[in-house]
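Residues per chain, in single letters:
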Amino acid sequence: MVVNALSSEASTGRASALYAGLGLASAALLLFELILMRLFAVAEWYHFAFLSVGVALLGNTVGGVAVALLGPSRARRALGGAMAAFPWSLALAYVALNTIPFDSYRLAWEPRQLAYLALYDVGLAIPFAVGGYLVAYCLALEKERAHRLYAANLAGSALGALAVLWFLPALGGEGAVWAAMGLGALGAGGLAYAQRAAALPKQGRVGGLALALNGLALLCALAGLWGRPGWWALRLSPYKALRYALQMPGAQLAWSRWHASARVDVVSGEQIHSAPGLSLRYEGRLPPQYGLTLDGDDLVPISRRMTAEDRAFLRYLPLSVAAALRPGGSALIIYPRGGMDVAVALEYGLRRVVAVEDNPLIFQAVRDLYGEFTGGLYRDPRVELLVSDGRSALQGARERYDLIIFSLAESYHPLTAGTYGLREDYRYTVEGITAALKRLTPHGILVITRWAQDPPAESVRAAAAIVEALERAGRDPRAHLLAYRSWATVTLLASPTPWPPQEISAVRKACERLGFDMVYYEGMPPEEANRFNRLQGPGDYEALTALLGAADRRAFYRAQFYDVSPPTDDRPFFGHYFCWRQLPAILRQWGKTWQPFGGSGFLIVLGYLALAILFSGALASVPFLAQRRVRRPWAVRLDRTIYFAAIGLGFMLIEIPLMQRFILYIGQPTVAFTFVLTGLLLFCGIGSALADRAPLRRVLAILALLALVYPALLRLITEHTLGLARPLRWGIGLGLLLPLGMAMGVPFAGAFYALREVSTGERAWVWAVNGSASVIGSTLAAVIALSAGYRAVLGLAAGCYALAAILSRAFLSGGQPLGAAQEGHKEDVADAL
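Would you mind going over the overall build of the chain with me for this structure?
When helices and strands are tallied, the chain shows 26 helices and twelve strands. Sorting the 833 residues of the chain into buried and exposed places 63% on the buried side. Excluding contacts between residues fewer than 6 apart, the proportion of contacts in the chain whose partners are at least 24 apart in sequence is 77%. Surface accessibility of the chain: about 30,900 Å² in total, with carbon and sulfur atoms responsible for 61%.

Have a look at this one:
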């Protein structure tokens, strides 16, 4: 594949190899990017996943800049090496992820961890740089076929995004890497086959060598899929719960499966004992248990339930207090995981229990693999299993329940400055609590159990969401809320109707029997708090009393050490507690505490953003410095620079919030990311194809308006359609992506065509600026979403597109249709990308 590599007389078969090769290479790139997100979530922590987007964008930018700088002759000579290296680089990137000894817990006092983190990024960016080089070369220099190659690039990328939904469950994360390597070998092999058809013998020999190496890579990928070597297994962080559990004497990995949403593992071992919040008054022994983890963390028990002795401890758990209030009732339990809350509900005689899980592998493990061990818990005729995300189950439910239970599905984690704050959880938003309250019977109970923290944080934030939801419904939250505390957990009970005195008395008596401390009920005297599980200093009672009695709740939130303001669907980060008043304490503890990122997770994200700005700025400067001989007025070049930076930022500031918001609508992060990426790729391709007939300034103005309108539109559609079946929601979601995606495909393609007469160096300059701005935008979107919400991110995107509309006057034809021939337009768009 070179400039004029396939002559007009070349055979159809050879031309097809070029299109198929580019499509498969593009599929391998996007497939690997999505696999990388899941590998990060399992091997490290969830908040690493978003870094894969930035790494992929940075690598692609590097590859494209390399093509622009080398020029046709030298780029042609380097092409054979890129084709040969592409599939191997995918495997080597996984090896880097699995072998570089990066330890986030030691980052504060071991400077070498910064070097390891940099090696992480470089190693993972290499395959995207090599793949980006191949794609950029095809699109920039095969001008006669640019439009068809561009279509192959988009179609292949969409195929790769969809393939992850099949490869992960079928092959697992490690096997999916082999699959990506195999796709990459097929793609690069197709390109190498086309290279062999080059007119020059030397080029043909290079293509033949690359073809042979790609064939070898394909054989290695197939061997890896067949043999599944043990050394290829994903290495988990030593601080993951699964690694901890497997270090216990006699512990074994009993079962492990991958799903698109999470990897599920089951660990056996005599030392596994877990019952969060179990009363200290319980004198018996816990039954034998297995440990179930999701993505290697958040270990929850699967408890034996065969005899009365096995079930005895269930009456000493925090949920037992609420379950005893509604015997014979119905319950909806969100994410019961190992089934302990379901067992409590049945123990107290509930006639109907609906268990909701977003991962079908959990039901497979508890019902099928350990069905007899759990006494047929999930085979009980009173239990209904529903595979759905929690919010969809709440808003799609047609009946009302006596109990709605948000199970404690996460392990205890210290709240160190937002370390675990990037995980979206739409159960605990104000809108999620509102949906739960609406699905309760008039005297139903919403039960939320969270970990006790010092100072109180999880319980206060959950209570703040309940208070806000009750007030939006026109109720006085003081009369509708009860709370009590075990030695490790705090349980909140909320009801649509005020608590009657007899039920308050029943809760108090149950807590007295179990040794739980009352935390809140209306009129509770201070001496009733902190009796059994004594705390030094202010505790949950003082915090909840102050929250419910505050005349100005914003002032109350500002006075807390942690950010405990209620999450919303616009800012659904229940675990993000960072606020700037913590900074002095963080700096005092930096290098002295053994915590992820030294206890400053959010600051590390900000630091990563600073590095993205630094490296992206340096990368964008390379084409300009290399082409400094071009004589153009700086003012004109500055206008163009800002324009392409603005549309690059704007694109990512829309794409990232769409991915996050569609987690609520589609239900699972990986599926939502795949859905948005596939839709935007297809619709942006359509928009780019129509860019030559689109009034650019008008499209930019429309994009700015859509970015402002979409938050309200998404909220409205989510509220009314979230309960629909998933296929219907997918169709509605595609309808939402269609106009936005088509509009987002116009600004880049149209502007590049308008600059068709300028030098190659200047085109490379603005192309690099656009790619670098996209790298920055991927991280900037996460930072703004954590601090101010998705609406603020989309508002900034609207500002970027509005600025681009203004700046486009400097070098575009007054906003009129560009009127170029379709073929010529396609070639220049390809050159741009």
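From this point, the narrative continues.
How should I be thinking about the environment of Met248 in this particular structure?
With respect to the element layout, Met248 can be found in the loop between α6 (241–246) and β1 (252–258). Each C-alpha atom, one on Met248 and one on Glu270, is 8.7 Å from the other, the two residues being 22 residues apart in sequence. For Met248, the residues in contact, after removing those within four places along its chain, are Gln271 and Ile272.

Explanation requested: unusual backbone geometry in the structure shown.
The phi torsion of most residues other than glycine is negative, and most of the peptide bonds are trans. The omega torsion of the bond from Asp454 to Pro455 falls at 0 degrees, within 30 degrees of zero and hence cis. Its place among the elements puts Pro455 in the loop between β9 (440–451) and α13 (458–472). Look at Tyr335: it is not a glycine, yet its phi comes out positive at around 60 degrees. By secondary structure assignment, the location of Tyr335 is in the loop between β5 (330–334) and α9 (340–347).

What should I look at first to understand the sheet that holds β9 in this one?
To summarise the sheet geometry, strands pair through backbone hydrogen bonds and adopt either a parallel or an antiparallel arrangement. Taken in spatial order, the eight strands of this open sheet run β7-β6-β5-β8-β9-β11-β10-β12, and their pairing is mixed. Sheet topology places β7 (383–387) and β12 (517–520) at the edges, where each strand pairs with a single neighbour. With strand direction ignored, the average angle separating the axes of adjacent strands in the sheet is 20 degrees. Here strand β6 (residues 352–357) runs beside β7; their pairing, made up of five bridges, is parallel. Bridge pairing links Val356 to Leu386 in β7.

Hey, could you run me through the side chain of Ser808 in this one?
Assignment of secondary structure puts Ser808 in the loop between α25 (790–807) and α26 (822–832). A distance of 2.7 Å separates a polar atom in the side chain of Ser808 from the backbone oxygen of Ala805.

Sorry if this is basic, but what is going on with the sheet that holds strand β2 (residues 263–268) here?
The four strands lie next to each other as β1-β2-β3-β4, forming an open sheet whose pairing is antiparallel. The strands lining the two open edges of the sheet, one partner per strand, are β1 and β4 (297–303). Across the sheet, the mean angle separating the axes of adjacent strands is 20 degrees when strand polarity is ignored. Running over the sheet, helix α10 (residues 360–369) touches β1, β2, β3 (289–294) and β4 and is turned about 135 degrees from β1.

Sorry, what's going on with the pattern of salt bridges here?
Between side chains of opposite charge, a pair can form as their charged atoms come close. Scanning the entire structure with this criterion turns up 26 salt bridges. Across the pair Arg485 and Asp517 runs a salt bridge whose closest N-O atoms are separated by 3.4 Å. With a gap of 32 residues between them, Arg485 in strand β10 (residues 481–485) and Asp517 in strand β12 connect regions that are remote in the sequence. The shortest N-O distance in the salt bridge between Glu512 and Arg531 comes to 2.9 Å. On the criterion of sequence distance, the pair formed by Glu512 in helix α14 (residues 501–514) and Arg531 in the loop between β12 and α15 (540–549) is long-range, its members being 19 residues apart. The class for Arg531 is partly exposed, based on a relative accessible area of 37%. Bridged by salt links that share partners, the residues Glu410, Asp425, Arg427, Arg450 and Glu458 form one connected network.

How do you make sense of the pairing of β2 when you look at a structure like this?
Strand residues, when the strand is regular, have side chains that alternate between the two faces of the sheet. Most of β2 is tucked away, with six of its six residues classed as buried. Burial along β2 is two-sided: the face carrying Arg263, Asp265 and Val267 and the face carrying Val264, Val266 and Ser268 are both buried. Where β1 folds back on β2, the antiparallel hairpin that results is connected by four residues. By the bridge criterion, four bridges tie β2 to β3 in an arrangement that is antiparallel. Bridge pairing in β3 links Val266 to Leu292.

Quick question: what am I supposed to make of the confidence of the model for the chain here?
Should pLDDT be low for a region, the predicted coordinates there are not to be read in detail. When pLDDT is averaged along the chain, the result is 84, and 86% of the positions lie at 70 or above. Note on residues 632–636: pLDDT under 50 across the span, and four contacts to partners over four residues away in sequence or across chains. Contacts for the low-pLDDT stretch residues 813–833, under 50 throughout, to residues beyond four places or in other chains number 58 contacts.

What am I meant to see in the packing of helix α12 (residues 430–438) against α13 here?
Pairs of packed helices are described in terms of their axes, by the angle between the two and the distance that separates them. Here α12 crosses α13 at 60 degrees, and the two axes come no closer than 8 Å. Taken together, α12 and α13 sit at an angle that is classed as oblique. The handedness of the crossing between α12 and α13 is right-handed. Contacts from Val430, Glu431, Ile433, Thr434 and Leu437 in α12 reach Ala465, Ile466, Glu468, Ala469, Leu470 and Arg472 in α13. Counted by class, the contact of α12 with α13 contains seven nonpolar, one polar and three charged residues.

Rules behind the numbers
Residues take numbers from 1 onward in each chain, read along the sequence in its written order. Restriction of local features to residues with pLDDT of at least 70 applies here, the model being predicted, together with a cutoff of 80 or more for giving and counting side-chain atom pairs; totals for whole chains, interfaces and linings are based on all residues. Only hydrogens and water are removed before side-chain values are computed, so all heavy atoms of the structure are retained for them. Helix and strand assignments follow DSSP, with helices taken as H or I runs no shorter than four residues and strands as E runs no shorter than two, numbered in order from the N terminus. Per-residue accessibility, obtained with a 1.4 Å probe over protein chains only, is compared with the maximum for each type, and a residue is labelled buried under 20%, exposed over 50%, and partly exposed between these values. Pairs of residues are marked as contacts when any of their non-hydrogen atoms sit within 4.5 Å. In these tables, accessible area is a Shrake-Rupley quantity obtained with a 1.4 Å probe, and a residue counts as shielded only by the protein chains included in the view. Only strands joined by at least two bridges in the DSSP assignment are considered to pair. Here the axes come from fitting lines to C-alpha atoms, over the contacting stretch only for helices, and the angles between their N-to-C directions go from 0 to 180 degrees. Polar contacts here mean pairs of N or O atoms no more than 3.5 Å apart (in protein, one a potential hydrogen donor and the other a potential acceptor; neighbouring residues in sequence count only if both atoms are side-chain atoms). Salt bridge, as used here: a side-chain nitrogen of Lys or Arg that lies within 4 Å of a carboxyl oxygen of Asp or Glu. A score between 0 and 100, pLDDT records how confident the predictor is in each residue. Oblique is the label for any angle not covered by the other classes, which are roughly parallel (under 35 degrees), roughly antiparallel (over 145) and roughly perpendicular (65 to 115). Two helices cross in a left-handed way if the nearer one is turned anticlockwise from the farther one by less than a right angle. They cross in a right-handed way if the turn is clockwise. Throughout, the ten residues Ala, Val, Leu, Ile, Met, Phe, Trp, Tyr, Cys and Pro are labelled nonpolar, Asp, Glu, Lys and Arg are labelled charged, and all others, Gly among them, are labelled polar.

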